[in-house]
Amino acid sequence: SVLSSAAAVGAGAVAGRRAGSAGTRDDDDDDDDGSSAPEVVEPATKTWTAEGSPPPPAPPLSLPPGVRIRVDLYDQGRRGVGGRSSHRRVVVEKSDEGGGSEEVMAWDHGCQFFRADTDRFKPVVSNWMKHGFVKEWKGRFVHRNAGGTGEGSDGGGGGFFGMPSMPPFYVGADEEHGGGGMQSIPRRLLELCAARKERNGDGDDDGTEETILSDPILEVFTGTRVSRIERRADGGDDGDAAHSAGGMGGKWSLFGTSGTAAYHDTPEHAAESALAESGGDVRLGRRDCDRDYDAVVLTDASSSFGTWHRASAGVPEDFASRVRERVGARVPLFSAMVAFEGRLDVPFDAISFDDGGGIGGSGSGDDDDDDITKLWFAARSSSKPGMRGEDEGEGKGKGMPSRDCWTLVSTPEYALSKIRETPMQDPNTGEFVPQSADYLTSVPGPELERAFREALLTRSGMGDGDDVPGRTDGTMAAAVDPAPSALPETVYLDAQRWGSAMPCHRHLDERSGTRRTVSGVPYDTGRAPLAPTRMEEGRGGAARSEKDDDDDDDATNFLADDDRMLFQAGDMVSGYTPGFEGAAISGMDAAEHILRLLRRDESFFMSGGNQANETRCKR
């Protein structure tokens, strides 16, 4: 799982989208298919002016003095941004016996943690840690395979992104600005981008540089679907000037909708009704500013789907076909959010499972459910920095989680089997079929919870048959009662479908024995090591230094149409190992590429370029 919107933010996107989302819960979601109540995010105005505060992360390239790039970020989620870096918070009113106060249950139900293995990404993460919104996750981590359970026994890179044998593992932990959770990373990044200091001049002789604080030049539109993009000949508001999205020259105009018609969980008939009531798709952008864009950056591979999909953005077909070719196939996952009444008495905070579907496994999601390993990973929320529970002595009185909250992540094989049973497109009508709360809480949620309980309630779930309570040789003891009543009661259960959890490995192509196509969408459950992060061999995985032609798609970690200033970034098109790090590098590479194009085009700046747009903004 990865941070999709990081690609848009890192790329300095003039318009970006991420993995779609929806949902009806009143929490802090921002999912592939589920989220929470609508929220308008105003541009952040907080600035780093306090003595000793670290400067915001600086881009590797700068613009000429006085030139600014206005950035509008469009996100289909109901609340916040971040896509697969979702964080769920559920507030529960305590009874009078409990003091009448609130308690909060919380989960990272998308990306569980991320890695920083490359020289490109390590200094970025170091900077985030200095700002206090990222910390290393240290806990009791184990891996279980057919031979038992132990610490550091995942074969050196297998299992779930190197867990537990290949630390460090990083998580979002912005305790100073609202608590932990992976979603705190994109939120804090947006604040820093909006508050960035501008360089004014080349600096004095003493090496210092005079700086001025910019007005906010970043605006975020949540709960908004971009359903169509058009390249306009003159950049004006005259609708007659619009021509085919495949045309050349001019500027981009974005069209779409917000609210009910945009969310991923809205039934098709309700979405159509809401769209009709609102008058159909409208021109998107700031009401008090020029609404034409010099460049568009997409970070959701699903934006290149056909119009039947709720995430489709009407991308020009020639560009969309390049995106689909680079993506190849995607890997689906389900996650379940479980809260137990009391603390689980288990000797670990996170566990990865590998029972037959591991490295080199042949599972394809074709077998009966009983033959498919369901669980891939499980993590206790309160073990993460910024999500410490009251029972651990931290967060008392701050509404931190007090129930024992666990996130359960399915195997790709299990997720594919569920998607084959309940596809995202009606085979008869061709309509988009959103996931529903009823389905999630009656099928994948209970099945993953049951699998977790069974893993804990059997001797094979906690170790091999020779394990005895109290062993200290590094193998987890099987000190559990086989009766189901031995575990605390489940007091909360929900689930999430991630149809595009991550891209398949680059060596897998249409000849892969684990590839299956559902509703025209290729999925592939083939396994390979997910750690350390490295440039993969195969489709889109050749290093830039190995290519002579910089225009070759395989030479970059993103896709570009420089003539039309149209770009695709994110993990789905990155040449790196699937995951958060590959997505971030894709965004940074795309950012540098766009800045080079702008700096190279002197006429853009000499004619006023983006500055001309700024003068037409009322604020």
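What counts, and where the lines are drawn
Residues numbered from 1 in each chain as written. Predicted model: local features only at pLDDT ≥ 70, side-chain atom pairs only at ≥ 80, totals over all residues. Heavy atoms only, no water. Helix = DSSP H or I, 4+ residues; strand = E, 2+ residues; numbered from the N terminus. Buried < 20%, exposed > 50% of the residue type's maximum accessible area, 1.4 Å probe, protein only. Contact = heavy atoms within 4.5 Å. Areas by Shrake-Rupley, 256 points an atom, 1.4 Å probe, with all protein chains shown as cover. Core = buried A, V, L, I, M, F, W, Y, C linked by side-chain atoms within 4.5 Å. Salt bridge = Lys/Arg side-chain N within 4 Å of Asp/Glu carboxyl O. Pairing = 2+ DSSP bridges. Axes fitted to C-alpha atoms, helices over the stretch in contact; angles between N-to-C directions. Polar contact = N/O pair within 3.5 Å; in protein donor to acceptor, adjacent residues only side chain to side chain. Phe/Tyr/Trp six-rings, centres within 6.5 Å; stacked < 30°, edge-to-face > 60°.

Q: Sorry, what's going on with the overall build of the protein chain here?
A: A tally of regular secondary structure across the protein chain gives twelve helices and 25 strands. Taken over 619 residues, the protein chain has a buried fraction of 59%. Counting only contacts in the protein chain whose residues sit at least 6 apart along the sequence, the fraction spanning at least 24 positions is 76%. A total accessible area of about 24,400 Å² is found for the protein chain, and carbon and sulfur atoms account for 47% of it.

Q: Sorry if this is basic, but what is going on with the environment of Ala320 here?
A: Tracing the backbone through its elements, the reader meets Ala320 in helix α5 (residues 317-327). Residue class for Ala320 comes out buried when judged on its relative accessible area of 1%. As a C-alpha pair, Ala320 and Ser302 span 18 residues in sequence and 9.6 Å in three-dimensional space. Here Ala320 is in contact with Ser304 and Val315, once residues within four sequence places are set aside.

Q: Can you help me understand the nonpolar core in this one?
A: A general trend in soluble globular proteins is that nonpolar side chains are found buried together. Membership of the largest hydrophobic core comes to 41 residues, with the highest contact counts inside it found for Phe113, Phe114, Phe121, Trp128, Trp137, Ile185 and Phe377. Breaking this core down by element, the ones donating at least two residues are α2 (122-131), β8 (170-174), α3 (184-194), β17 (330-340), β19 (375-380), β21 (490-503) and α10 (580-600). Here this core takes four residues from α10, the largest share from any one element. Counting residues in hydrophobic clusters, the runner-up holds 36 residues, among them Val338, Ala415, Ala455 and Leu456.

Q: Even after reading the chapter, I still don't get the pattern of salt bridges, so can you show me in this structure?
A: Side chains that differ in sign of charge can pair as their charged atoms come close. Taken as a whole and judged by the stated rule, the model has 30 salt bridges. Ionic pairing is found between Asp292 and Arg283, a salt bridge with its closest N-O pair at 2.7 Å. The residue Arg450 makes a salt bridge to Glu454 at a minimum N-O spacing of 3.1 Å. Here Arg450 pairs with Glu454, and both are found in helix α8 (residues 444-457), just four residues apart, close to one helical turn. By relative accessible area, which is 40% here, Glu454 ends up partly exposed.

Q: Help me out: how do you make sense of the sheet that holds β8 in this one?
A: By way of backbone hydrogen bonds, the strands of a sheet pair with one another, either parallel or antiparallel. Taken together, the three strands give an open sheet; going across it, the order is β5-β8-β9, and neighbouring strands pair in antiparallel fashion. Looking at which strands have only one partner, the edges of the open sheet turn out to be β5 (134-136) and β9 (179-180). Alignment of β5 against β8, held across three bridges, turns out to be antiparallel. Note on β8: the bridge partner recorded for Glu136 is Tyr170. Set on the sheet, α2 makes contact with β5 and β8; between it and β5 the angle comes to about 105 degrees.

Q: Got a minute to help me understand the sheet that holds strand β14 (residues 251-258) in this structure?
A: Taken together, the three strands give an open sheet; going across it, the order is β13-β14-β15, and neighbouring strands pair in antiparallel fashion. If you trace the sheet from one side to the other, it starts and ends with β13 (224-232) and β15 (282-283), each paired once. In this structure, β13 lies alongside β14, joined through eight bridges in antiparallel fashion. Across the sheet, the residue bridging to Arg225 is Thr257, located in β14.

Q: Whenever I open this one, the environment of Leu254 confuses me. Can you help?
A: Its place among the elements puts Leu254 in strand β14. Sequence separation between Leu254 and Ala313 is 59 residues, and the spatial gap between their C-alpha atoms is 9.1 Å.

Q: Looking at this model, I keep getting lost on the pairing of strand β4 (residues 102-107). Mind explaining?
A: Among the six residues of β4, five are classified as buried, and the element is accordingly described as predominantly covered. Relative to β4, strand β3 (residues 88-93) runs antiparallel, the two being bridged by six bridges. In the strand pairing of β4, Val92 is matched with Glu103.

Q: Whenever I open this one, the side chain of Ser227 confuses me. Can you help?
A: With respect to the secondary-structure elements, Ser227 resides in strand β13. Within the structure, the side chain of Ser227 is placed 2.7 Å from the side chain of Asp281, a separation counted as a polar contact. What Ser227 contacts, discounting residues up to four positions off in sequence, is Phe255, Gly256, Asp281, Ser312, Ala313 and Gly314.

Q: Before we go on, may I ask you to explain the packing of aromatic side chains in this structure?
A: What characterises a pair of aromatic rings is the spacing of the ring centres plus the angle enclosed by the ring planes. The tally for this structure, following the rule as stated, stands at 25 aromatic pairs. Taking 4.9 Å as the distance between ring centres and 25 degrees as the angle between the ring planes, the aromatic pair formed by Trp107 and Tyr492 counts as stacked. Of this pair, Trp107 sits in strand β4 while Tyr492 is found in strand β21, placing the two residues 385 residues apart along the sequence. Taken as a pair, Trp107 and Tyr492 share a single burial class, namely buried. Ring centres of Phe113 and Phe160 lie 5.9 Å apart, and the angle between their planes is 70 degrees; this geometry places the pair in the edge-to-face category. Here Phe160 lies in the loop between β7 (148-150) and β8 and Phe113 lies in the loop between β4 and α2, a separation of 47 residues in the sequence.

Q: Would you mind showing me how to read the environment of Arg144 here?
A: Relative to the assigned elements, Arg144 resides in strand β6 (residues 141-145). Residues Arg144 and Ile351 lie 207 residues apart in sequence; the distance between their C-alpha atoms is 7.1 Å.

Q: Would you mind going over unusual backbone geometry with me for this structure?
A: Glycine aside, the phi torsion of most residues is negative, and most peptide linkages are trans. A cis amide bond links Met163 to the next residue, Pro164, at an omega of 10 degrees. Relative to the helices and strands, Pro164 is located in the loop between β7 and β8. Here Ala531 and Pro532 are connected by a cis peptide whose omega angle stands at -5 degrees. Tracing the chain through its elements places Pro532 in the loop between β23 (521-524) and β24 (559-561). Phi at Ser519 takes a positive value of approximately 55 degrees, unusual for a residue other than glycine. Inspection of the secondary structure puts Ser519 in the loop between β22 (515-518) and β23. With a relative accessible area of 25%, Ser519 lands in the partly exposed category. Of note, the phi angle at Met565 is positive, near 55 degrees, even though the residue is not glycine. Locating Met565 in the fold gives a position in the loop between β24 and β25 (566-568).

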